[in-house]
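# Summary of structural features
What follows is each chain in one-letter form.
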Amino acid sequence: MMPWTDRAGNLSLLKTATFVVTLVPALLLAYYAVAGFPKGAVTSSLLGPRPFNAAILHTGDWAIRFLVLSLAVTPLRRIGQWPRLILVRRMLGVAALGYALGHLTLYFFDQNWDLWRVASEVALRIYLTIGFVALLGLVALGSTSTDAAIRKLGANWNRLHRIVYGIGILAALHFFMQSKADVYQPTLIAGFFLLLMAYRLMHWRGFSLNSPFVLLAIAIGAALATAAVEVAWYGTATGVPPERVLSANLQFSYSVRPAWWILCAGAAVALLGYVRAPGKAQAQRGRRAPAKAAA
């Protein structure tokens, strides 16, 4: 089965589009690496004066983005009544692994392939240790994502792949720690992770994800939790008073804080749940049926 075909071997537009999307960050990185090089001068690239560091950050950012996108598939399948989304979950997860491996490979390259130096850095710097553990988890998931591995592991496959939630926490923590002072992007990623985990928690507790009221409550709760994460991080890591962070969340002249984006995304999903509710879909099909019969 090719990345652009379904299990029947037919061309899948959904898989093709997703496959292209997973390649775009790598193609952009390649373009950034070579654009504007006069006679091979590395520092003149669009990646700036530290191209390898920029490339390391680029691949790491996209690794966690694709990880979050892979976690979004199951909730969106349930809420949007889109069962075919399952076709791209594995592809998104493998993309996350690929960019994470590229992230590590570029770090090795930046360290002149000095294995002992890299090993000591990973052992001594806690944020690197956390990131490396998350990478090992992704390797475990990626190596067992084939159809053969699924058949061989049976019920244990689902148990193993639940570690993706722990990997998400570790990856977000790694993102926060390496970002240091400016944690806008890590907070945004953490907010989306909290939103996706809230969908799963409510589903496991028996709440209907087709209720716009439940979905809106999840959106509000995830947004508040995102703001709390931002306050807690700035308070513990930089000593910024909580009231200053909360005040920034209520001012829109400079930027829209992550909590508001999470609220907007959650509200959009609530609207999706309302539009795609099973009862509405059945009613629409019922209205079309008499029209066809009359024709």
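See above for the structure.
The paragraphs below set out a description of the structure included in this document.

Rules used in this analysis
- Residues numbered from 1 in each chain as written.
- Predicted model: local features only at pLDDT ≥ 70, side-chain atom pairs only at ≥ 80, totals over all residues.
- Heavy atoms only, no water.
- Helix = DSSP H or I, 4+ residues; strand = E, 2+ residues; numbered from the N terminus.
- Core = buried A, V, L, I, M, F, W, Y, C linked by side-chain atoms within 4.5 Å.
- Buried < 20%, exposed > 50% of the residue type's maximum accessible area, 1.4 Å probe, protein only.
- Phe/Tyr/Trp six-rings, centres within 6.5 Å; stacked < 30°, edge-to-face > 60°.
- Lys NZ or Arg CZ within 6 Å of the ring centre and 35° of its normal.
- Contact = heavy atoms within 4.5 Å.

### Concerning unusual backbone geometry
Even without being a glycine, Q81 presents a positive backbone phi close to 55°. By secondary structure assignment, the location of Q81 is in the loop between α2 (51-80) and α3 (86-110).

### Here's the deal with the nonpolar core
Among the nonpolar cores identified, the biggest contains 42 residues, and L67, I79, L196 and Y199 are the most heavily contacted of them. At the level of secondary structure, the elements contributing two or more residues to this core comprise α2, α3, α5 (126-143), α8 (163-179), α9 (184-204), α10 (212-238) and α12 (258-275). Residue contributions to this core peak at nine residues, all from α2. Of all hydrophobic cores here, the second largest spans 10 residues; its members include L47, A55, V118 and V122.

### Concerning the packing of aromatic side chains
Each aromatic ring pair is summarised here by two numbers: the centre-to-centre distance and the angle between the ring planes. A full pass over the atoms with the stated rule returns 10 aromatic pairs. Between F252 and W260, the ring centres sit 5.4 Å apart and the planes meet at 65°, which makes this aromatic pair edge-to-face. We classify F252 as partly exposed; its relative accessible area is 46%. When its relative accessible area of 31% is taken as the criterion, W260 is described as partly exposed. Connected via pairs of aromatic rings, a cluster forms that spans F52, F108, F109 and W113. Note that R65 overlies the ring of W62, its terminal NZ or CZ placed 4.7 Å from the centroid.

### Comments concerning the side chain of H161
With respect to the helices and strands, H161 occurs in helix α7 (residues 155-161). Among the residues examined, H161 registers a relative accessible area of 14% and is labelled buried. Leaving out residues up to four positions away in the same chain, H161 has contacts with L141, T144 and S145.

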